[in-house]
Amino acid sequence: MVTMPSLIAPRPFRPAPIALPVTLALQDGGALGAFAWGVLERLLDEPRLSIAVVSGASAGAMNAAMLVQGLATGGPAEAKQLLEAFWRRVAIVAGSPDFDGVDWLRPFNGLLDSVTAAVRQATSQALPPLPYAPLHLNPLGSVLDGLLDPSVFGRPGVPSLIVSATQVRTGEARLFRNEEITATVLLASACLPQLFEPVEIEGELYWDGGYASNPPLRPLIEAGAPADVILVHTSPMERPEPPYGGADVRARAAELAFNAPLRQELRSLAVAQRLLADLPAAAPPEMALAHLSEARLHLIGAEEAFRALPMDSALDARWGFLRRMRDLGHDAAERWLREHLVAIGTRPTLDLAAFATPLVELGTRIRS
């Protein structure tokens, strides 16, 4: 009996890719937060990444909550569904419905119209006097109603969730973690003082987290979050052309205010790493400083595309614009993964050197 050779060549054994833990930090950005929606959708499809910690401020906090809740209740597919549902609802309350299969959302239609109009007025004129603008209640409460399930935060095996809000009394950031995070906390993190009354939590009043920690970075690193921190940036860091006209000037001033905490955190990290690198090997730093020394920063953004947008694009919650930002985020994440995924676990891809440059050179030592 002659045995015929197999016509099917045996497949070589290929071990499953090792998922590397990462920390995600999601910046504020209003409607531009839909960019982070697209980034997250793409990262959720990457088997070589394991999301362990997520932080966010304002729109970033909303994205972070939907992401973590979805991963807790149904994995990546559920996280994608929740992110889309959240942004669909934002469009609905902004008066830009896409009713395909979502007729039940019709009652929400237009709730945000007057808020958007008030924000545009506030950026073109003086801030409105108290009592605050047309709606005392943030319509994002309606967006979260029936969608958010805070009971899943902090469960074993679920990514840690950290959300920032700004104390009105002190100007300091408060970072809410896991079980502390509720719809009220998320609304505090997204509370624009030009429009809404401060959100009270445990006797303290809070405004938008973007004013003080946008998004939280260094506290997560010091606490032992995964060393690879992927920052999702949702606004331009630079604008080569100066703004013209009152509305553009005020919009740029708002961008500067919300980017300032991020610049300060990046500078703090850069200076800490530079100083720690000079420590003698025989004198290892304490644990928190060791975490800072080991941190590897990465950034996913679209600087040129953000610069090309109208200055008030953060207020554009039309469904078509939100989908455009989602697609931009998906493409930016795809490009970043293609170019930089191999760096995860080994080296940073965001150069902090520029942030470590001394702001003042005195030239000589000042004697007392």
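Just above, that's the structure.
What counts and how
- Residues numbered from 1 in each chain as written.
- Predicted model: local features only at pLDDT ≥ 70, side-chain atom pairs only at ≥ 80, totals over all residues.
- Heavy atoms only, no water.
- Axes fitted to C-alpha atoms, helices over the stretch in contact; angles between N-to-C directions.
- Helix = DSSP H or I, 4+ residues; strand = E, 2+ residues; numbered from the N terminus.
- Parallel < 35°, antiparallel > 145°, perpendicular 65-115°, else oblique.
- Left-handed = near helix turned anticlockwise from the far one by under 90°.
- Contact = heavy atoms within 4.5 Å.
- Buried < 20%, exposed > 50% of the residue type's maximum accessible area, 1.4 Å probe, protein only.
- Right-handed = clockwise from strand over helix to strand, strands pointing away.
- Pairing = 2+ DSSP bridges.
- Phe/Tyr/Trp six-rings, centres within 6.5 Å; stacked < 30°, edge-to-face > 60°.
- Salt bridge = Lys/Arg side-chain N within 4 Å of Asp/Glu carboxyl O.

## Observations concerning the packing of helix H1 (residues 34–44) against helix H11 (residues 319–340)
Two elements in contact, H1 and H11, have axes whose closest approach is 6 Å; the angle formed by their N-to-C orientations is 45 degrees. Considered as vectors, H1 and H11 are oriented oblique to each other. Crossing angle aside, the handedness with which H1 passes H11 is right-handed. Contacts between H1 and H11 involve Ala34, Phe35, Trp37, Gly38, Val39, Glu41, Arg42 and Leu43 from the first element and Trp319, Leu322, Met325, Arg326, Leu328, Gly329, His330, Ala332, Ala333, Glu334 and Leu337 from the second.

## Here's the deal with the pairing of strand E1 (residues 20–26)
Along E1, five of the seven residues are buried, which leaves the element largely enclosed by surrounding structure. In this fold, the crossover linking E1 to strand E2 (residues 49–57) by way of H1 has right-handed handedness. Relative to strand E7 (residues 228–232), E1 runs parallel, the two being bridged by four bridges. For Ala25, the partnering residue across the bridge sits in E7 and is Leu231.

## A word on the packing of aromatic side chains
The full count for this structure, using the stated rule, is five aromatic pairs. On the numbers, 5.1 Å between centres and 85 degrees between planes, the contact of Phe86 with Trp87 is edge-to-face. A residue is classified by how much of its surface remains accessible, and Trp87, at 2% relative accessible area, is buried.

## Here's the deal with unusual backbone geometry
Note that the residue after Asn214, namely Pro215, is joined by a cis bond; omega there is -5 degrees. Mapped onto the elements, Pro215 comes out in the loop between strand E6 (204–207) and helix H7 (218–222). For Ser58, which is not a glycine, the phi torsion comes out positive at approximately 55 degrees. Among the secondary structure elements, Ser58 is positioned in the loop between E2 and helix H2 (59–73). With a relative accessible area of 6%, Ser58 lands in the buried category.

## Observations regarding the pattern of salt bridges
With the rule as written, the count across this model stands at 16 salt bridges. Arg42 serves as the salt-bridge partner of Glu334, at 2.5 Å between the closest nitrogen and oxygen. In this pair, Glu334 sits in helix H11 while Arg42 sits in helix H1, placing the two residues 292 residues apart along the sequence. A relative accessible area of 12% means that Arg42 is categorised as buried. One salt bridge connects Glu303 with Arg307, and the closest N-O pair in it is separated by 3.2 Å. Residue Glu303 and its partner Arg307 are both found in helix H10 (residues 303–308); the two are separated by four residues, about one turn of the helix. Since its relative accessible area comes to 23%, Arg307 is described here as partly exposed. One salt-bridge network, held together by shared partners, links Arg42, Glu46, Arg48 and Glu334.

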